[in-house]
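# Results of the structural survey
Next come the chains, spelled out residue by residue.
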Amino acid sequence: MKISQVPSPVEINSSKKAKKKLMAPNLSLTLDRSDGSILSEDLDESGDLDLDDLDTPSDNSNEFEWEDDLPKPKSTEVLPKGSIPEYTAAEEKEESRRWRMFRIGDQDHRVDMSAIEPYKKVISHGGYYGDGLNAIIVFAVCFMPDSSQPNYRYLMDNLFKYVIGTLEMLVAENYMIVYLNGATTRRKMPSLGWLRKCYQQIDRRLRKNLKSLIIVHPSWFIRTLLAITKPFISSKFSQKIKYVFSLVELAELIPMEYVVIPECIKEYDDAKSKKKHTRVDKELNKKTEDQTNEQ
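Owing to the predicted nature of the structure, the values given are computational and were not obtained by experimental measurement.

Reading the values: the criteria
Residues numbered from 1 in each chain as written. Predicted model: local features only at pLDDT ≥ 70, side-chain atom pairs only at ≥ 80, totals over all residues. Heavy atoms only, no water. Helix = DSSP H or I, 4+ residues; strand = E, 2+ residues; numbered from the N terminus. Contact = heavy atoms within 4.5 Å. Areas by Shrake-Rupley, 256 points an atom, 1.4 Å probe, with all protein chains shown as cover. Pairing = 2+ DSSP bridges. Axes fitted to C-alpha atoms, helices over the stretch in contact; angles between N-to-C directions. Buried < 20%, exposed > 50% of the residue type's maximum accessible area, 1.4 Å probe, protein only. Salt bridge = Lys/Arg side-chain N within 4 Å of Asp/Glu carboxyl O. Arc of directions from axis to C-beta. Core = buried A, V, L, I, M, F, W, Y, C linked by side-chain atoms within 4.5 Å. Right-handed = clockwise from strand over helix to strand, strands pointing away.

## Here we look at the overall build of the chain
Helix and strand content of the chain: eleven helices and seven strands. Long-range pairs, those at least 24 residues apart, make up 71% of the contacts in the chain between residues at least 6 apart in sequence. Total accessible area on the chain is roughly 22,400 Å²; 53% of this is exposed by carbon and sulfur atoms.

Here it is as structure tokens:
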């Protein structure tokens, strides 16, 4: 009986499909236990090596196997167009501090708080008057931005949203607006269109609950402006407008305990008061002289 010859393991392996080459570092296979050597007993303990389960590098020689082998981007590299840089914790905090949401009517509006930071004092809460939550809202025109600034329209747009949004948060029931007009140059005066937009954009509840608009130190310009626009505004609103020519007169109408008056307004009021007293004294002196001459 003819016994067929059993093929050797070498012949079996040569008949199989060729596998990818396993890239391995050069190792010294010696029998000593020096660093970098592999003993035969180590191979026995590890078991058979399954080449199919091993990850081998692709044919692309540029592929990196380990994370440490990846090239590190230089700090001077320009980010590709459309990419979004990651914020640090401090940058995220600063970004959240810069933008704030205000609700006007049924819509939310973002306000650039960094841009309007120097002008936030334009509106403040002055306490309450009468019975209940009748708020006093102080609007100081002297804190408005100068119209000569290159980003004036951007500032006014964000300031408009801030004023209306703040007004809606401060007012619960009836309220009055104290409009501090003194110590203000023409370049800081808001335009009529901006003021009209403010009035039109506030909620109907706020327009209805506005009981009085007190204009302190009204200039000739603003009085003329309101006189011209009187035919275009409602008679109800016109009746709410009151002119006050000094802080003393204002104190006779509302409690001043929590009303913050800017220093420039106080100085302006003092100057006008002195000028008024000087004029009155001159008139009295002239009248006295005239009476003396008649005698």
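## Section: the sheet that holds strand β6 (residues 210-216)
In space, the five strands of this open sheet follow the order β3-β4-β5-β6-β7, with mixed pairing throughout. Each edge of the open sheet carries a strand with a single partner, namely β3 (123-128) and β7 (241-244). In this sheet, adjacent strand axes meet at a mean angle of 25° when their direction is disregarded. As paired elements, β3 and strand β4 (residues 135-140) share four bridges and run antiparallel to each other. By the bridge assignment for β4, I123 is matched with F139.

## Examining the side chain of S238
Tracing the chain through its elements places S238 in helix α9 (residues 235-240). Assessed through its relative accessible area of 18%, S238 is described here as buried.

## Concerning the pattern of salt bridges
Overall, the coordinates contain five salt bridges when judged by the stated rule. Where D112 meets R98, a salt bridge forms, and the shortest distance between an N and an O atom there is 3.0 Å. Placement of D112 in strand β2 (residues 107-112) and of R98 in helix α3 (residues 89-98) is noted, with a sequence separation of 14 residues between them. Across the salt bridge formed by K120 and E117, the nearest N and O atoms sit 3.6 Å from each other. By relative accessible area, which is 26% here, K120 ends up partly exposed.

## Considerations on helix α8 (residues 220-229)
Among the residues of α8, those classed as buried are I222, L226 and T229. End-on, the buried residues of α8 take up no more than an arc of 70°, which puts them together on one face. The exposed residues of α8 that point more than 90 degrees off its buried face are W220, A227 and I228. Packed against the buried residues of α8 are β5 (175-180), α6 (192-201), β6 and β7.

## Overview of the pairing of strand β1 (residues 99-104)
Taken together, the six bridges between β1 and β2 define a ladder with antiparallel strand orientation. Note that in β2 the partner of R103 across the bridge is D108. Between β1 and β2, which follow one another and run antiparallel, lie two residues, and G105 among them has a positive phi close to 70°.

## A word on the nonpolar core
The nonpolar side chains of a soluble globular protein tend to be buried with one another. Judged by nonpolar contacts, the single largest core of 39 residues is most densely connected at F139 and Y175. With nine residues, helix α5 (residues 152-170) is the largest single contributor of residues to this core. When residues no more than four places from it in sequence are discounted, the contact partners of Y175 are Y129, A135, I137, L167, I202, L206, R207, N209, L210, K211 and S212. Within the second largest apolar cluster, 17 residues are counted, among which are V178, V216, V244 and L250.

## Considerations on the pairing of β5
Extensive coverage of β5 is indicated by the burial of six of its six residues. Burial along β5 is two-sided: the residues Y175, I177 and Y179 and M176, V178 and L180 are all buried. Here six bridges tie β4 to β5, and the two strands are oriented parallel to one another. For I137, the partnering residue across the bridge sits in β5 and is I177. This β-α-β element, β4 to α5 to β5, shows right-handed connectivity. Sheet topology places β5 next to β6; six bridges connect them, and they run parallel. Looking across to β6, one finds that L180 is bridged to V216.

Geometry only, nothing functional implied.
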